[in-house]
Amino acid sequence: MFDLPEVRSPDLLEAIALLSEAGIEERGAVFTNPEVVHFMLDLVGYTAEHDLTQLRILEPSFGDGSFLLPVVDRLLASWKRHHQSREPYSVLKNSLRAVELHRDTARATEQKVIAKLEAAGIKAATAQDLTRDWLLQDDFLAASIEGKFTHIVGNPPYVRQELISAPLMKFYRSKYATVYDRADLYVPFIERGLRLLEPGGKLSFICSDRWMKNRYGRRLRKLVADNYHLKHYVDMVGTDAFRTEVAAYTSITTIVNDRGDTTAIAKRPKLDAAYLKELAVQLNNEDRAEGAPVEVISNAVNGDEPWLLDCAPQLQLIRAIERAYKPLEEAGGRVGIGVASGCDRVYIAPYDALDVEPERKLPIAMAQDLASGQFVWGGKGIINPFEADGQLANPDHYPKFAAFLEANRKTIAERHVARKNPSGWFRTIDRIYPHLAGEKKLLIPDIRNEPIVAYEEGTAYPHHNLYWVTSRTWDLRALQAVLRSDIAKLFVWAYSVKMRGGWLRFQAQNLRRICLPVWETVSEQMRETLIELGGGNDHAAINAAVFELYNLDWRDIEIIKSIN
């Protein structure tokens, strides 16, 4: 049994009670289409030809019965096939458990289950007894659940932390190691599900795929990599998996309480019952039919590293480049993000209009300054409350700065960062390091379908929607060429979470993944070529030079081109 308190605190009881009466959005309820439900049950082998009464299945968030009712149908069909002559209660009572937090939804679904049992010929009293044993109205993450399970399937709730009450978040953090950083509620659902699997048991969830690459999924990825087998991954982007449209990028994963190093992958399947039934067979079949829409990747999981599940050939090429070269920061580069002020309408204005001492303002590089692909300063400046040594400036030493702060005190002091730091109420969210403005650097906007990498001579400080790259070894014009190439895009494509329209996140964490040759190993001729191409517009020439730099053959180049 999971180690949960037998006695719950009044605060915890109240928080669970409130959530049990919350609306659909507050509790993150999204209901799955029946074709997808049956596909997932087929995928984990929960089918009526097996004696399902000898198995134990758990549905941790049963809602209106999207998964639960098909599970009951299959369980009853199996009972009739294998044990109909036996008294149903003793045969079926331990075969199923299901949990739902929302009180009214749980009651309504309970009646649907009773009706199914009675329709199968089970007496009313026995149907009620079975339903009482099977269903639990409670918070899955706080409920006491006995025993282990051969199968766990479902669609866990998708709830951001800020929508969860403080007592509940405190409890979740104390019990679930995967509740880390900004982890959504489905993350501890996966953790608890995994810990409830018996040896060889299978968990299959449909949920957001963000945890597979984002920072907040690190601990869950490590838990899976160290103790379980990622058996299936099905990318559901573009598939109408739910009865209502959702913004999340979803996938289906099957994780087994066993060890294994291969993952069968399918992408964006058709929402067709016959197609999905055959796909479930192919995902589980080692001798797949020729042309089957399934790829197999080995060693897709590695500690807490992001999972690169997009395509096997690209993964192999990325791993080869990672073995041969060094990550950007190990090759002499440095990556960072620009400054967030907490109130741009006060802190950022035309540079000449900021009536403060010269030491208390800096030219700022904005994303719109890179619209042409080159950096063209738009004339904006930012108030700089920090001295060169990183300490906050003393307003008493700067009369104009003091007057500016006083004139805008109400707005500045209302910011979250000001309330957290009353003595430094005028600081920006991020510390400003004035020397960065004077360093030559590359500026890269975040969300793009193609990378923009602009050279900046050392005249402006980056805004928070720009990432910057400096280097103590590489010539920045040469590095600009590499970062504008399709090799850099390949790395960002692989490590970035998916965005609508195929756009990519050129975040620091993804830029740092790009691997480079050591500058000292680059020939003089190649250096000159890269430097010349870095700020130009000949993308084909940039790619040709960078492909040569990395010693790629035509097969590698075709793999890279395929991501476009």
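Computed from a prediction, not measured in an experiment: that's the story for all the values here.

So, on to helix α12 (residues 312-324). In this model α12 runs 19 Å from its N-terminal to its C-terminal C-alpha over 13 residues, within 8% of the 18 Å that 1.5 Å per residue would give. Within the sequence span of α12, burial applies to Ala312, Gln314, Leu315, Leu317, Ile318 and Ile321. Buried residues in α12 make contact with β9 (295-298), α19 (486-495), β21 (515-516) and α23 (554-561).

Summed over the entire model, instances satisfying the criterion amount to 9 aromatic pairs. Here Trp211 and Trp307 contribute two aromatic rings whose centre-to-centre distance is 4.8 Å and whose plane-to-plane angle is 65°, an arrangement assigned as edge-to-face. With a gap of 96 residues between them, Trp211 in the loop between β5 (197-208) and α10 (218-227) and Trp307 in the loop between β9 and α12 connect regions that are remote in the sequence. With respect to class, Trp211 is no different from Trp307; both count as buried. Pairing Tyr351 with Trp377 gives two aromatic rings, centres 6.2 Å apart and planes at 70°, and the pair type is edge-to-face. With Tyr351 in the loop between β12 (348-350) and β13 (361-365) and Trp377 in the loop between β13 and β14 (380-383), the pair connects residues that are 26 residues apart, well separated along the chain. Trp377 sits in the partly exposed class, given a relative accessible area of 37%.

For the structure on display, the rule yields 23 salt bridges. Taking the shortest distance from any N to any O, the salt bridge between Asp129 and Arg132 comes out at 2.8 Å. A residue pair is termed a helical-turn pair when its members lie 3 or 4 positions apart in one helix, as Asp129 and Arg132 do in helix α7 (residues 124-134) at 3 residues. You can call Arg132 exposed: its relative accessible area is 54%. Salt bridges sharing common partners tie together Asp42, Arg74 and Lys277.

Moving on, we come to the domain arrangement of the protein chain. Domain boundaries in the protein chain define domain 1 (18-311) and domain 2 (333-400 + 427-562). Computed over C-alpha atoms, the centres of domain 1 and domain 2 are 42 Å apart. When domain 1 packs against domain 2, the two sides together hide about 1,200 Å² of surface, and 46% of this comes from carbon and sulfur. For the interface between domain 1 and domain 2, the tally reads 1 salt bridge. Here domain 1 is connected to domain 2 by 3 residue pairs in polar contact (both at pLDDT 80 or more).

Inspection of the secondary structure assignment puts Pro399 in helix α14 (residues 399-407). Along the backbone, Pro399 and Glu357 are 42 residues apart, and their C-alpha atoms lie at a distance of 8.1 Å.

Here the focus is the sheet that holds strand β11 (residues 333-337). Taking strand neighbours across the sheet as the criterion, the 4 strands line up as β11-β19-β15-β17 in an open arrangement whose pairing is antiparallel. Only two strands of the sheet have a single partner each, and these edge strands are β11 and β17 (454-456). Here the strands of the sheet are splayed against their neighbours by 30° on average, with no regard to which way each runs. Across 3 bridges, strand β15 (residues 441-445) lies against β17 in antiparallel orientation.

Take unusual backbone geometry next. The backbone of Asp181 shows a phi angle near 55°, a positive value even though the residue is not glycine. Relative to the assigned elements, Asp181 resides in the loop between α8 (166-175) and α9 (186-195). For Asn299, which is not a glycine, the phi torsion comes out positive at approximately 55°. Mapped onto the elements of the fold, Asn299 is located in the loop between β9 and α12.

What follows is about α8. Among all positions of α8, only Leu168, Met169, Phe171 and Tyr172 are buried. All buried residues of α8 project into a common sector of 160° when viewed along the axis, lining one side. Facing away from the buried side of α8 by over 90 degrees, the exposed positions are Ala166, Lys170 and Ser174. Tucked inside the fold, the buried residues of α8 contact α1 (10-19).

Moving on to the environment of Glu548. In this structure, Glu548 sits in helix α22 (residues 539-549). Residue classification places Glu548 among the exposed residues on the basis of a relative accessible area of 56%. Sequence separation of Glu548 and Glu357 is 191 residues, and the distance between their C-alpha atoms is 50 Å.

This part covers the nonpolar core. Ranked by internal contacts, the top residues of the largest apolar core, which has 104 residues, are Tyr172, Leu194, Trp211, Trp474, Leu483, Leu530 and Tyr550. It is α19 that contributes the most residues to this core, 8 residues altogether. Residue-level mapping places this core at the junction of two domains, with at least three residues from each of domain 1 (18-311) and domain 2 (333-400 + 427-562). Setting aside residues up to four positions removed in sequence, Leu530 forms contacts with Trp474, Arg477, Ala478, Ala481, Ala545, Val546 and Leu549. Leu52, Leu96, Leu130 and Met236 belong to the second largest nonpolar core, which has 45 residues in total.

Rules and cut-offs
- Every chain is numbered on its own, with residues counted from 1 as its sequence reads.
- In view of the model being predicted, local features appear only for residues whose pLDDT reaches at least 70, and side-chain atom pairs are presented and counted only at 80 or more, with totals across whole chains, interfaces and linings using the full set of residues.
- Excluded from the side-chain calculations are hydrogens and water; all other atoms, namely the structure's heavy atoms, are used.
- Note on conventions: DSSP H or I runs of at least 4 residues are helices, E runs of at least 2 residues are strands, and numbering of each starts at the N terminus.
- To estimate how far a helix should extend, the number of its residues minus one is multiplied by 1.5 Å.
- For each residue, the accessible area found with a 1.4 Å probe, counting protein chains only, is set against the maximum for its type, and the residue is called buried under 20%, exposed over 50%, and partly exposed in between.
- Contact between two residues is taken to exist if any of their heavy atoms lie within 4.5 Å; hydrogens are not considered.
- Each pair of aromatic rings taken from Phe, Tyr and Trp, with Trp reduced to its six-membered ring, is defined by centres within 6.5 Å and is described as stacked if the planes are under 30 degrees apart, edge-to-face if over 60, and tilted in the remaining cases.
- By convention in these notes, a salt bridge is any Lys or Arg side-chain nitrogen within 4 Å of a carboxyl oxygen on Asp or Glu.
- Domains are outlined according to an automatic or database domain assignment.
- By definition, the buried area sums, over both parts, the 1.4 Å-probe accessible area that each loses when the two are put together.
- As used in this structure description, the phrase polar contact means that two N or O atoms lie within 3.5 Å; if the pair is within protein, one of them must be able to donate a hydrogen and the other to accept it, and residues adjacent in sequence are counted only when both atoms belong to side chains.
- By this definition, two strands are paired if DSSP reports at least two bridges between them.
- Axis angles are defined between N-to-C directions and span 0 to 180 degrees, where every axis is a line fitted to C-alpha atoms and, for a helix, only to the segment in contact.
- Relevant arc is that of directions from the helix axis to the C-beta atoms, nothing else.
- Nonpolar cores are built from buried Ala, Val, Leu, Ile, Met, Phe, Trp, Tyr and Cys residues. Side-chain atoms within 4.5 Å join them into one set.

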